[in-house]
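Single-letter residue listing:
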Amino acid sequence: EALNSCQEPATELFDRSSASDLSSDSPLSIQERRHIVDVILGMVASMLRFSASPTHLSPLLNYISFNAYFEREKGLAASQVGKDPNIRYGTRRERYRSAVRASAILGVLLRAKPAISDLHQGLNFCCGGSQGAVSWILCTLINSFDDEMRSIGIRCLADYMD
C-alpha cells in the first residue's frame, strides 16, 4: 500500500523526544492520526454501548452520512471520466477509512448481545421511523462503490431487522 511506503521516522507513536527523528513541532504521522481516530471511535462506541439515545446516536449517523455522501459524489465524478471510483488518495482515503470504521461500530452495536435497549428506538427517531432507518442503511451504507462498506451495510441491515 502506498500509504505505508511513506518515509516516516522509526519511532514510537507521539514520541517527539530528542531520540526520535521528529521535532516537537512536526505534524502527526499517518499512523498517529489513525490511532487518534481509532481511540475517538472507541470512545464513541463505549458511550453508545450504554446509551444510544437520539442525542448520542445522531452525531455518529451524521458523520457516516456526510462521509458516505462525499465519497459517493467523488466516486461518481471519477467514474464519469473513466476512472476507478475506489481509488482514493491522502485525506480522502483517511476520511473514508474512518467512515468505514464508524459504520463497523454501528454494526457492532446493532449486533450486540444483549441488545442495546434504546438503539433501535434512537435509530428510528433519527431516521423518522423504522422504514426510514432501513432506507438510511440502504442508501448510505449499501449504495456504495466500496465492497467493504456495502458488506457492513448488509450486515447492519440484517442485524437491524433481526
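Everything that follows concerns the structure shown earlier in this document.
Position labels on residues start from 1 in each chain and follow its written sequence. For this predicted model, a pLDDT threshold of at least 70 governs which residues receive local features, and a threshold of 80 or more governs which side-chain atom pairs are given and counted, while totals over whole chains, interfaces and linings are taken from all residues. As a rule here, side-chain values come from all non-hydrogen atoms in the structure, and water together with hydrogens is ignored.

Draft legend 1. Representation of the overall build of the protein chain within the structure. Across its full length, the protein chain carries six helices and zero strands. Going along the chain from the N terminus, every DSSP run of H or I of four or more residues is numbered as a helix, and every run of E of two or more is numbered as a strand. Listed N to C, the secondary structure of the protein chain is α-α-α-α-α-α in terms of helices and strands. Throughout this description, buried means an accessible area under 20% of the type-specific maximum (1.4 Å probe, protein chains only), exposed means over 50%, and partly exposed covers the range between. Considering the protein chain as a whole, with its 162 residues, one finds that 37% of them fall into the buried category. Contacts in the protein chain between residues at least 24 apart in sequence constitute 61% of all its contacts with a sequence separation of at least 6. Accessible surface, the protein chain: about 9,500 Å² in total, of which carbon and sulfur atoms supply 58%. In what follows, residue pairs with any heavy atoms lying within 4.5 Å of each other are defined as contacts. In short, Shrake-Rupley with a 1.4 Å probe defines the accessible areas, and a residue's cover is counted only from the protein chains shown.

Draft legend 2. Inspection of the packing of helix α2 (residues 54-80) against helix α3 (residues 90-111) at higher detail. With axes taken as lines fitted to C-alpha atoms, and helix axes fitted only over the stretch in contact, angles between N-to-C directions fall between 0 and 180 degrees. At a minimum axis separation of 9 Å, α2 and α3 run at an interaxial angle of 135°. Classified by the angle their axes make, α2 and α3 are oblique. For α2 against α3, the interelement crossing comes out left-handed. In this structure, α2 contributes Leu-57, Leu-60, Leu-61, Tyr-63, Ile-64, Asn-67, Phe-70, Glu-71, Lys-74 and Gly-75 to the contact, and α3 contributes Arg-92, Arg-95, Tyr-96, Ser-98, Ala-99, Ala-102, Ser-103 and Leu-106. For this classification, under 35 degrees means roughly parallel, over 145 means roughly antiparallel, 65 to 115 means roughly perpendicular, and everything else is oblique. Two helices cross in a left-handed way if the nearer one is turned anticlockwise from the farther one by less than a right angle. They cross in a right-handed way if the turn is clockwise.

Draft legend 3. How the structure looks around the nonpolar core. For the purposes of this section, nonpolar cores are sets of buried Ala, Val, Leu, Ile, Met, Phe, Trp, Tyr and Cys residues that join through side-chain atoms within 4.5 Å. Judged by nonpolar contacts, the single largest core of 31 residues is most densely connected at Leu-57, Leu-123, Trp-136 and Ile-137. Elements with a contribution of two residues or more to this core: α1 (30-50), α2, α3, α4 (119-127), α5 (130-142) and α6 (147-161). Of the residues forming this core, the biggest block, eight residues, is contributed by α3. In this structure, Ile-137 is in contact with Ile-142, Gly-153, Cys-156, Leu-157 and Tyr-160, ignoring residues within four places of it in sequence.

Draft legend 4. Representation of the pattern of salt bridges. Salt bridge criterion: a side-chain nitrogen from Lys or Arg within 4 Å of a carboxyl oxygen from Asp or Glu. Taken as a whole and assessed by the stated rule, the structure comprises four salt bridges. Between Asp-159 and Arg-111 there is a salt bridge whose closest N-O contact spans 3.0 Å. With Asp-159 in helix α6 and Arg-111 in helix α3, the pair connects residues that are 48 residues apart, well separated along the chain. Given the relative accessible area of 36%, Arg-111 is considered partly exposed.

Draft legend 5. Looking closely at a nonpolar patch on the surface. Only residues whose relative accessible area exceeds 30% and that form no salt bridge are eligible for patches; like-charged ones are grouped when within 9 Å, while nonpolar side chains (Val, Leu, Ile, Met, Phe, Trp, Tyr) are grouped when within 5 Å. Where nonpolar side chains cluster on the molecular surface, the patch consists of Leu-28, Ile-36, Val-39, Ile-40 and Met-43 and spans about 410 Å² of accessible area. Relative to the assigned elements, Leu-28 resides in the segment before α1.

Draft legend 6. Main features of unusual backbone geometry. Between Lys-113 and Pro-114 the backbone carries a cis peptide bond, its omega angle lying at -5°. Note that Pro-114 resides in the loop between α3 and α4.

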